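# Examining the three-dimensional arrangement
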Amino acid sequence: MTDARAPYVPPGTGWPDDPAAPDTPVAHGAGEVIELAAGAPDLAELCARQSVCRACDRLVAWREKVAVERRRAFAAEEYWGRPIPGWGDPEPRVLIVGLAPAAHGGNRTGRIFTGDRSGDWLFASLHRVGLAAQATSVHAGDGQRLIGARMAATVRCAPPDNKPTPLERTTCLPWLAREVEDVARSVRCIVCLGGFAWQGVWPALKQAGYDVPRPRPKFGHGAEVELAPPPSAARRDPVLLLGCYHPSQQNTFTGRVTEDMLDAVFVRARDYD
Ligand code: SF4
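Residues numbered from 1 in each chain as written. Predicted model: local features only at pLDDT ≥ 70, side-chain atom pairs only at ≥ 80, totals over all residues. Heavy atoms only, no water.

Per an unreviewed UniProt entry, the protein goes by Type-5 uracil-DNA glycosylase and derives from Actinomadura physcomitrii.

Here is the structure:
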């Protein structure tokens, strides 16, 4: 498709589920992220614009460096090397929010939570409770499909050490805020995977028009907050914000997160109405 050591997949060159085209507008700074997120005519174009963003110099350099150097196990693969757009049902009942893609996970496969051990746990659980069509998610275009669910991240590019800076979080925020706003008509539950996603989602909820409590409630596994929906929502009854421990290798190896714990959160999210 492209050069064996290209730093990213050029938009519109045949990568499965690539939302962008060669003429999709590219944000080169924080101001352009605000402008392009606000001006996207619909969710599909918003995701296309997310997927070509170049606003954060450090993260662009990192994601492309990783895509060229590659991990030995994936040396023969082409890496996506671009921001990971929102993915899933355009009118979801459940919105799942994570912190950021992994360098050799989403940054390689082009799909959020896909291609690493955390994703293996996550998709297996989503499949068990009926929110995903398959038990595995290995690569964009593998036939996986979310059922009444959608996934997004607070930061769309893989950060070094999985740690985006405060400025990078702020710069990326308009992409999530606009996505949260666009799906507010249908969303009944928002699941935050991990404490960093929990922290990162509050400003996006506020920008999207949700009535956000002060002080902000604490994160925990199974923590619940009912939020008054924004004016753009079709219903006036509350939306549930739900905390879930991240299914990281550390958490799953140590038993801090078990399959039953994940399933319980996603059953609660699926059934909340
Ligand atoms: S982290 Fe967000 S704002 Fe920064 S370059 Fe990636 S997509 Fe753009």
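## A short note on the nonpolar core
Core analysis: the biggest nonpolar cluster contains 38 residues, and W175, I190, W202, L205, Y210 and L241 have the highest contact counts within it. If sequence neighbours within four positions are ignored, L241 has contacts with I190, C192, W198, V201, W202, L205, A223, E224, V225 and L227. With 33 residues, the next largest nonpolar core counts F113, L122, A149 and C244 among its residues. (Core = buried A, V, L, I, M, F, W, Y, C linked by side-chain atoms within 4.5 Å. Buried < 20%, exposed > 50% of the residue type's maximum accessible area, 1.4 Å probe, protein only. Contact = heavy atoms within 4.5 Å.)

## Quick notes on the pairing of strand β4 (residues 189–193)
Taking burial as the measure, the five residues of β4 include five buried ones, the bulk of the element. Here β4 shows no split at all, with C189, V191 and L193 on one side and I190 and C192 on the other all buried. Here strand β2 (residues 94–98) runs beside β4; their pairing, made up of four bridges, is parallel. Of the residues in β4, the one forming a bridge with V97 is C192. Here five bridges tie β4 to strand β6 (residues 239–244), and the two strands are oriented parallel to one another. Each residue of the ladder has a partner; that of V191, found in β6, is L242. (Helix = DSSP H or I, 4+ residues; strand = E, 2+ residues; numbered from the N terminus. Pairing = 2+ DSSP bridges.)

## Some thoughts on the packing of helix α5 (residues 117–128) against helix α9 (residues 259–271)
α9 packs onto α5 with a crossing angle of 55° between their chain directions and a minimal axis gap of 9 Å. The angle between α5 and α9 falls in the class oblique. The handedness of the crossing between α5 and α9 is right-handed. Each of W121, L122, S125, L126 and R128 in α5 lies in contact with α9, whose residues at this interface are E259, L262, D263 and F266. (Axes fitted to C-alpha atoms, helices over the stretch in contact; angles between N-to-C directions. Parallel < 35°, antiparallel > 145°, perpendicular 65-115°, else oblique. Left-handed = near helix turned anticlockwise from the far one by under 90°.)

## Things to note about the packing of aromatic side chains
On inspection of all chains with the given rule, the structure shows five aromatic pairs. With a centroid separation of 5.7 Å and an interplanar angle of 90°, the aromatic rings of W198 and W202 are classed as edge-to-face. With W198 and W202 both in helix α7 (residues 195–207) and four residues apart, the pair spans about one turn of that helix. Each of the two residues, W198 as well as W202, counts as buried. Joined through ring pairs, the aromatic side chains of W198, W202, F219 and Y245 make up one cluster. Between the NZ or CZ atom of R108 and the centre of the ring of F74, over which it lies, the distance is 3.5 Å. (Phe/Tyr/Trp six-rings, centres within 6.5 Å; stacked < 30°, edge-to-face > 60°. Lys NZ or Arg CZ within 6 Å of the ring centre and 35° of its normal.)

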